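# Secondary and tertiary structure notes
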Amino acid sequence: KNTAIGTASVTISGIGVYTGTIERNFQIYVSKGSTYTVSDMQYKITDAATSGKGTVTFVESTKSKSKLKGTLKIGNTVMIGGISFKITAIGDKAFKGYTKLTKVTIGNNVITIGKEAFSGCGIVSSVTTGTGLKTISANAFYNCKKLKTITISSKSLKTVSKNAIKNIYRKAVIK
């Protein structure tokens, strides 16, 4: 039943004429590409370093589209198996069609917002990004008709796909 990242143990006990017990420790590692769920959110390991320098991509919410509502905050880090990992990306279609989200705040470690990440989030009115953002991919905010303000805190934003903010309410302000 050992599932947490880090040192785990196993105890072997003799049965019948075999007596005694033996206990051994072993390591449980994360592996690149593995997906973990933490508080209804799924993360994919992109760098499996367990020294606190590992990274993850936010993949999706396990909550139904009708139950994830209001303000969404994507933090700087997430604890997986007792180890802190930086959240460096929001994956493609991560929140596509989550029609009850109203506001989005993105942490400082997020470098990339994937394709169609918030596409179809019809009532999102504001998005605030962190200081690390470098890329906003195609159709990231497609069909977010109520989006009025996108505040980009990053000074290192390098790539904004031509269609990244397609079909946003015409008076949306990008700061």
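Our subject in this report is the structure included herewith.

The rules we used
- Residues numbered from 1 in each chain as written.
- Predicted model: local features only at pLDDT ≥ 70, side-chain atom pairs only at ≥ 80, totals over all residues.
- Heavy atoms only, no water.
- Phe/Tyr/Trp six-rings, centres within 6.5 Å; stacked < 30°, edge-to-face > 60°.
- Helix = DSSP H or I, 4+ residues; strand = E, 2+ residues; numbered from the N terminus.
- Buried < 20%, exposed > 50% of the residue type's maximum accessible area, 1.4 Å probe, protein only.
- Core = buried A, V, L, I, M, F, W, Y, C linked by side-chain atoms within 4.5 Å.
- Patch = residues over 30% accessible without salt bridge, like charges linked within 9 Å, V, L, I, M, F, W, Y side chains within 5 Å.
- Areas by Shrake-Rupley, 256 points an atom, 1.4 Å probe, with all protein chains shown as cover.
- Salt bridge = Lys/Arg side-chain N within 4 Å of Asp/Glu carboxyl O.

## Remarks on the packing of aromatic side chains
- A full pass over the atoms with the stated rule returns five aromatic pairs.
- Between Tyr-43 and Phe-58 the ring centres are 5.4 Å apart and the planes differ by 85°, which places this aromatic pair in the edge-to-face class. On the criterion of sequence distance, the pair formed by Tyr-43 in strand E4 (residues 41-47) and Phe-58 in strand E5 (residues 55-61) is long-range, its members being 15 residues apart.
- Tyr-43 gets classed as buried once you look at its relative accessible area, which sits at 8%.
- Between Phe-58 and Phe-95, the aromatic rings sit 4.9 Å apart at their centres with planes inclined by 15°, giving stacked as the arrangement. Of this pair, Phe-58 sits in strand E5 while Phe-95 sits in the loop between strand E8 (83-90) and strand E9 (101-106), and the two are 37 residues apart along the sequence. Comparing Phe-58 with Phe-95, the two get one shared label, buried.

## Brief notes about the nonpolar core
- Ranked by size, the top nonpolar core spans 37 residues in total, and within it Phe-85, Ile-90, Phe-95, Ile-113, Phe-118 and Phe-141 carry the most contacts.
- The dominant element in this core, judged by the number of residues it contributes, is E8, at four residues.

## Brief notes about a nonpolar patch on the surface
- Together, Val-10, Ile-12, Ile-22 and Phe-26 make up a nonpolar patch on the protein surface, roughly 310 Å² of accessible area in all.
- Of all the elements in the fold, those that place two or more residues in the nonpolar patch are strand E1 (6-13) and strand E2 (21-28).
- Tracing the chain through its elements places Phe-26 in strand E2.

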